[in-house]
Amino acid sequence: MIISKKELGQLVKKARSFKSDKCGRLYTQKMLAQDIQKSQSYIGDIESGRTYPSFVLLTSIANACEVPMNFFDPKENLDIHIEDFINQQLNNMPDKEMKEIKKHIKEDPRLKINHI
């Protein structure tokens, strides 16, 4: 499953809504931005479907909103998407090397893959 920017934005909004329900008050874009040390306009760009966050940033959003990472990709595992991306770039990579690259991809805040 490939999630469009718009769909991901809607899921981030939904995650903020869940956080609002948990804490009993509105969890705003500004609050989320402060929690993940980004600007409110960046959160707005994500929610409106203008940009994708990196894996690290999406993980930060999930943590801040207190939702599991698979909330943003409920039907498939993120590892599958990373493996597909790596396989497209580096054919038939050994599993050990694949795991090491996946780890680095997930932790690199500069990396943006245009599908999740």
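Here, every reference points to the structure presented above.
Criteria and cut-off values
Residues numbered from 1 in each chain as written. Predicted model: local features only at pLDDT ≥ 70, side-chain atom pairs only at ≥ 80, totals over all residues. Heavy atoms only, no water. Helix = DSSP H or I, 4+ residues; strand = E, 2+ residues; numbered from the N terminus. Buried < 20%, exposed > 50% of the residue type's maximum accessible area, 1.4 Å probe, protein only. Contact = heavy atoms within 4.5 Å. Areas by Shrake-Rupley, 256 points an atom, 1.4 Å probe, with all protein chains shown as cover. Phe/Tyr/Trp six-rings, centres within 6.5 Å; stacked < 30°, edge-to-face > 60°. Lys NZ or Arg CZ within 6 Å of the ring centre and 35° of its normal. Polar contact = N/O pair within 3.5 Å; in protein donor to acceptor, adjacent residues only side chain to side chain. Salt bridge = Lys/Arg side-chain N within 4 Å of Asp/Glu carboxyl O.

### Topic: the overall build of the protein chain
No. 1: Regarding its fold elements, the protein chain presents six helices and zero strands.
No. 2: Listed by position from the N terminus, the elements making up the protein chain come as α-α-α-α-α-α.
No. 3: Here the protein chain holds 116 residues, and 41% of them are scored as buried.
No. 4: Sequence separation of at least 24 residues holds for 59% of the intrachain contacts in the protein chain that already meet a minimum separation of 6.
No. 5: For the protein chain, the computed accessible surface area is about 7100 Å², with 48% contributed by carbon and sulfur atoms.

### Digging into the packing of aromatic side chains
The geometry of an aromatic ring pair comes down to the distance between the two centres and the angle between the two planes.
No. 1: Applying the stated criterion across every chain yields a total of two aromatic pairs.
No. 2: When the centroid spacing of 5.5 Å and the interplanar angle of 75 degrees are considered together, the rings of F18 and F71 count as edge-to-face. Here the residue F18 occupies a position in helix α1 (residues 5-23), and F71 occupies one in the loop between α4 (55-65) and α5 (78-89), the gap between them amounting to 53 residues.
No. 3: Among the aromatic side chains, those forming a connected cluster through ring pairs are F18, F71 and F72.
No. 4: In this structure, K19 packs its charged tip against the face of Y27, placed 5.1 Å from the ring centre.

### Things to note about the side chain of S54
No. 1: Looking at the secondary structure, you find S54 in the loop between α3 (40-47) and α4.
No. 2: Of the polar contacts made by the side chain of S54, one reaches the backbone nitrogen of L57; its length is 3.1 Å.

### Regarding the pattern of salt bridges
No. 1: Tallied over the entire structure, the rule returns three salt bridges.
No. 2: Between E47 and R16 there is a salt bridge whose closest N-O contact spans 2.5 Å. Here E47 is found in helix α3, whereas its partner R16 is found in helix α1, with 31 residues between them in sequence. A single burial state applies to E47 and to R16, both of which are buried.
No. 3: Its salt-bridge partner being K19, residue E66 comes within 3.0 Å of it at the nearest N-O pair. Placement of the pair is E66 in the loop between α4 and α5 and K19 in helix α1, with a sequence separation of 47 residues.

### Details of the side chain of E47
No. 1: When its relative accessible area of 4% is taken as the criterion, E47 is described as buried.
No. 2: At 2.8 Å, the side chain of E47 and the side chain of Q29 are in polar contact.
No. 3: When near neighbours in sequence (up to four residues on either side) are disregarded, E47 contacts G9, Q10, V12, K13, R16 and Q29.

Keep in mind these numbers describe shape, not what the thing actually does.
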